[in-house]
Amino acid sequence: MVFHYTIKPNVYGTIAAAAAGVKARISMVAGLGYVFSGKGVSKALGRGLYKIGLRLSSCVITLNAYNHDLLLRNRYVKKDNIVLFEGGEGVNLSKYAFEENSFENHCFLMVARVLYDKGYKEFVDAARIVRMSYPDARFELLGPIDDSSPMRVPYSVVEKDVSDGYITYL
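We now turn to the structure provided with this report. (Residues numbered from 1 in each chain as written. Predicted model: local features only at pLDDT ≥ 70, side-chain atom pairs only at ≥ 80, totals over all residues. Heavy atoms only, no water.)

## Regarding the packing of helix α1 (residues 7-19) against helix α2 (residues 41-55)
Here's step 1: At a minimum axis separation of 8 Å, α1 and α2 run at an interaxial angle of 60 degrees. One way to sum up the angle between α1 and α2 is to call them oblique. The two elements α1 and α2 meet at a crossing, and its hand is left-handed. From α1, Ile7, Asn10, Val11, Tyr12, Thr14 and Ile15 reach across to α2, where they touch Leu49, Tyr50, Ile52 and Gly53. (Axes fitted to C-alpha atoms, helices over the stretch in contact; angles between N-to-C directions. Helix = DSSP H or I, 4+ residues; strand = E, 2+ residues; numbered from the N terminus. Parallel < 35°, antiparallel > 145°, perpendicular 65-115°, else oblique. Left-handed = near helix turned anticlockwise from the far one by under 90°. Contact = heavy atoms within 4.5 Å.)

So this is what it looks like as structure tokens:
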């Protein structure tokens, strides 16, 4: 199973997962982004790629009625494959009681440029917390260090997080 949350993984990740034979391909659409505003060749190409990715998804989750209706109306998704989370993306603990979970033999993969604004710190913080109780859980990071960005994570920080055993940098 793959679960994608943002536009590029929804497109490229879903296409790759379909090519690899992954059966459950879930795409979360939190927002449609700049590709859906305005005209132009590059935006039309982006919308075309998004349509391919979403049509290959076994389920598309939307967080608001506007996006839900737009995706249906413009045939980005089939009616049977789209879900609207009317109440947002939280879990109703009155309806779904908490159950203890084991993270043994689980691998959490982050695919992104190694930038603070892509969630690097949050990923490492999550790894620290989970690995305290589940030392066999794996947290892997795949993506380039972008030295040109002011939000870059220095390689020395990544090296330290690797040597501390929190993450594996692929």
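We are not done yet, so read on.
## A short note on the pairing of strand β2 (residues 25-29)
Here's step 1: Across the five residues of β2, five count as buried, placing the element largely inside the fold.
Here's step 2: The pairing of strand β1 (residues 2-4) with β2 spans three bridges and is classified as parallel. Directly across from Phe3, in β2, lies its bridge partner Ile26.
Here's step 3: Once the chain exits β1 it traverses α1 before rejoining the sheet at β2, and the crossover so formed is right-handed.
Here's step 4: Pairing between β2 and strand β3 (residues 59-62): four bridges, direction parallel. Each bridged residue has a counterpart across the sheet, and for Val29 the counterpart in β3 is Thr62. (Buried < 20%, exposed > 50% of the residue type's maximum accessible area, 1.4 Å probe, protein only. Pairing = 2+ DSSP bridges. Right-handed = clockwise from strand over helix to strand, strands pointing away.)

## Re the nonpolar core
Here's step 1: Core analysis: the largest hydrophobic core is formed by 16 residues, its most contacted members being Val114, Tyr120, Phe139, Leu141, Val158 and Ile167.
Here's step 2: Those elements that provide at least two residues to this core are α4 (120-133) and β6 (138-142).
Here's step 3: Setting aside its immediate chain neighbours within four residues, Tyr120 contacts Met110, Val114, Leu115, Leu141, Val153, Val157, Val158, Asp161 and Ile167.
Here's step 4: Formed by eleven residues, the second largest nonpolar core is a distinct cluster that contains Val11, Val29, Leu54 and Val77. (Core = buried A, V, L, I, M, F, W, Y, C linked by side-chain atoms within 4.5 Å.)

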